[in-house]
Amino acid sequence: MRKMTMRRAFTVSFLRSNPLLLSHSSGNSAVVALDNHYYFNSSSSSSCCVFTSTFHVYAISHFSTNPNPTHARLKQLLLEKSKSGFDKLDDALAVFDKMLHRKPLLPVISFNQLLAALVKMKEHSVAVSLFKDMCVKGIPVDLFTFNTAINCFCHLNRVDYAFSLLAGTIKRGFHPDVVTYTTLIRGLISQDNPAEAQLLFTNLIRFKLIQPNVVTYTTIINGLCKRGHISTAVMLFRYMEKKGCKPNTVTYSTLIDCLCKLRLVDQALGLLHEMTKKGITPNVITYSSLIQGLCDFNRWQDVNQLLSEMNTRNISPDVYTFNILVDAYGKEGMINDVEDVIEFMNQRGQHPDVVTYNALMDGYCLRGAVDKALAVLETTMKKRGIVPNIRTYNILINGYCKKLKVDRAVDLFQQLPREGLSPTIHTYTTILQGYFLTGRHVEARKFFKEKMMLNKALTLDNFTCSILLHGLCQNRFVVEALSFFDTMLSAGLIPNICIYSTLIDGLSKNGHLEKARSLFDNLPLKGLRPDVKTYTMMIQAYCHDGLLNDANELFLKMEANGCLPNDVTYNTLIRGFFHNKKYNEAGVLMDEMCARGFSADASTASALLDLLKSQEQNPALLALRKKFLT
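Under an unreviewed UniProt entry, the name given to the chain is Mitochondrial PPR protein, and the organism recorded is Heracleum sosnowskyi. Its UniProt record gives the chain a comment under Sequence similarities (unreviewed entry), which states: "Belongs to the PPR family. P subfamily."

The following block contains the structure:
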C-alpha cells in the first residue's frame, strides 16, 4: 500500500514539474477541481469545442426505444450501443436522461457504455459534456470514464485539457494505466508533437510508471514514422522486441508503410519476410503499402508476385489496393491494364469509386484521349451513381488545356457551381496556363485580375505566381511582371527559387540583363541557393550578350558552390563558345562534358555542322569534326 501511495505521489510530482503536462491555472482553464468534483470553466475561449451546460431539453418522444425500459433492458441496450453507437444523438441523450432518474442508479459501467457509444458516433464534445454532468451530479466514475474523457479531448485537439484531466484522475485516487498514457501519447502525436510524446514515453519507462504494451510502442513508432524518423522508429521496434513485447501486424505494417514512402522498398520487403517467418500474418494494408512502393519504381513483376502471394494467403485486395494499381498503370499510359483491373474489380465485387475513375480519366488524358476521359464522367460514372469531385473536373480541365482546347476547359470550369463544386487554386492556375499556352495573353491577364486577384477566398501560391510571371515574360510584359512581383512581396508571399528563376529568365530574354543579374546576385540575401536551372539560365543570358568571361566564370563558380552542371549547362556554354568563335574553348569543354557521361544535344550538333559548312578550313573546327562527328 505504501508503495502505491509513493508511486501516486511521484506521479503527481512528475506531472507538476513538467509544465507541458498541465494546463495553466488561468481564468481560461479547461478544468478546475473543487471538492474532488471537476467542472468545465465556461469562460474558456477555445473555439475548438463548445460544451453546453445541459442536453436534457430533448423530448422523451424522440427516444425510439421503450419509454420505460427495465434495468435489464436498459443495460442490454447500452451494451449493444457501446459497440455500434446510437442511430441518433437525440436517442443517446434521452437514454442519459433516463439513467439519471433511475433508482437505484445504474452502475458506472452503464454510464461508461453510453460514453463509449458517443465516441463511436464521433460525438466527442457531447461525451465530454456528459462526463461533466456526471461529475457535477456525483455519479460514480472510474478510470475507464476518465480515460474516455481524455481520449475525447485528444480527438478534439485539446491535449492540454486532456493533461488537466490526468491530474484530476490522480487526485481522485485512480492510477493512470497504459491506456491513459497511450491515449495522451497519441494525442501529442496527432498535434504534431512527436518529440514531447517520445519524452513522455521515455519518462514513463524510466520511472516504471507503466509497462508499455504493443499498442503503446506502435503508437510511438507510428508518430516517428509520420515525421520521417524511420531509423529511430526501427530502433524502438528492436527495443520492444528485446523487452519481450511482441510486435503485431499493425506494428510491422506501420514500419513497412513508412519505408515504402521513403522509397526504401527492399527494406520493406525484408520486413515482410521477417514477419511471415515469425508467424505474424500480413493483412491487406501491409500488401497495399508494398504494392504502392513497388509501383513507384515500376517493378511490375514484383507487384504481380505480391498479388499472387495475397491470393495464396486468401487476402483479398480492397478498393484502395486496386486504386493504387489503376493510378500506377494510368500514369504509365498502360490503359489496357487499367481497364482490366477495373473489370476484375467488378468481378470480385469491389466496386470502383470516384478515385478509381479519376485515375482512369487521368490515364486517358496523359495519352491525349481527353474525350474518352469525358465519356467516363458523362456515361460510366453517372450510370453507376458515382458523384464526381473537384479532382475529376481538374483532370479534364487540365487535359483540354494541354490539348489547347481552352474554351472547352472554360466550359467545364463554369459548370462547377451547377455541380455543387468549388474550384481550387489548381483549377484557376490550369485555366490561366491554358490561356498563355494558346497565346491568348489578353484573356489570361483578364482572367487573373477578375477571377483570381479579386477572389478573397483564393490564396495564391508560388506555383500560380510562377505561371503568371512566365506567361507575362513570354509575351514581353516584363514591366507588368516586375510590378506583380513587387505586389507578391508586399502581400507577404515568400518567393521560392522557381519564382526567381522564372523572372531572371524572363528579364534576360527581354533585354534586362542587369536586372536579372541583380536578382541572381541577391539570392543568398534571400536565403536561397540557385539550382542548376538558375545557373544555366544566367550562363545562357551571358552567352547571348557575348559576355563569355562572365559565363565561364559563373560555370566554374557553380561547381565550387556545390551545384554540378548538367548536360543542358554544358551544351549551353558550348554553343556560347561557338557563337563567339571560341572554338578551342568549346573543344576543351566538350571533352570534359563527354568525360562526365554527357553528350552533345541536337542543337549543339546542328550548330557545329552549320559552322563547318561556312568555315571549313578552320583548324579548331576541323579537329572538332574529327573528334565528335566521325
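Back to the write-up after that little detour.
> Which residues make up helix α3 (residues 89-100), and what values go with them?
Relative to the 16 Å expected for 12 residues at 1.5 Å per residue, α3 spans 17 Å between its end C-alpha atoms, a close match to the ideal helical length. With 10 of 12 residues buried, α3 is to be regarded as a mostly interior element. Within the span of α3, buried status applies to D91, A92, L93, A94, V95, F96, D97, K98, M99 and L100. In this fold, the buried residues of α3 make contact with α2 (71-84), α4 (108-120) and α5 (124-136).

> Pulling in residues and values, what's your account of the packing of aromatic side chains?
Going through the model one piece at a time under the given rule, you end up with 18 aromatic pairs. Note on F237 and Y252: the rings are 5.1 Å apart at their centroids and 75 degrees apart in plane angle, and the pair reads as edge-to-face. Pair noted here: F237 is in helix α11 (residues 230-242) and Y252 is in helix α12 (residues 249-261), with a separation of 15 residues, a long-range link. Judged by relative accessible area, F237 falls into the buried class, the value being 0%. Under the relative-accessibility criterion, Y252 is labelled buried at 0%. Joined through ring pairs, the aromatic side chains of F413, Y428, Y435 and F447 make up one cluster. Here the guanidinium or amino end of R158 rests over the ring plane of Y161, the centre of that ring lying 4.3 Å away.

> Summarise the packing of helix α16 (residues 319-331) against helix α17 (residues 335-347); cite the residues concerned and give the values.
Relative orientation of the contacting elements α16 and α17 amounts to 165 degrees, with a least axis distance of 8 Å. As summarised for this structure, α16 and α17 are arranged roughly antiparallel, according to the angle between their axes. The two elements α16 and α17 cross, and the hand of that crossing is left-handed. Across from V319, F322, N323, L325, V326, Y329 and G330 in α16, the residues of α17 making contact are D337, V338, V341, I342, F344 and M345. Residue classes in the contact of α16 with α17 are distributed as 10 nonpolar, 2 polar and 1 charged.

What counts, and at which threshold
Residues numbered from 1 in each chain as written. Predicted model: local features only at pLDDT ≥ 70, side-chain atom pairs only at ≥ 80, totals over all residues. Heavy atoms only, no water. UniProt positions renumbered as here; feature names shortened; annotations may be inferred. Helix = DSSP H or I, 4+ residues; strand = E, 2+ residues; numbered from the N terminus. Expected span 1.5 Å × (residues − 1). Buried < 20%, exposed > 50% of the residue type's maximum accessible area, 1.4 Å probe, protein only. Contact = heavy atoms within 4.5 Å. Phe/Tyr/Trp six-rings, centres within 6.5 Å; stacked < 30°, edge-to-face > 60°. Lys NZ or Arg CZ within 6 Å of the ring centre and 35° of its normal. Axes fitted to C-alpha atoms, helices over the stretch in contact; angles between N-to-C directions. Parallel < 35°, antiparallel > 145°, perpendicular 65-115°, else oblique. Left-handed = near helix turned anticlockwise from the far one by under 90°. Nonpolar A, V, L, I, M, F, W, Y, C, P; charged D, E, K, R; others polar.

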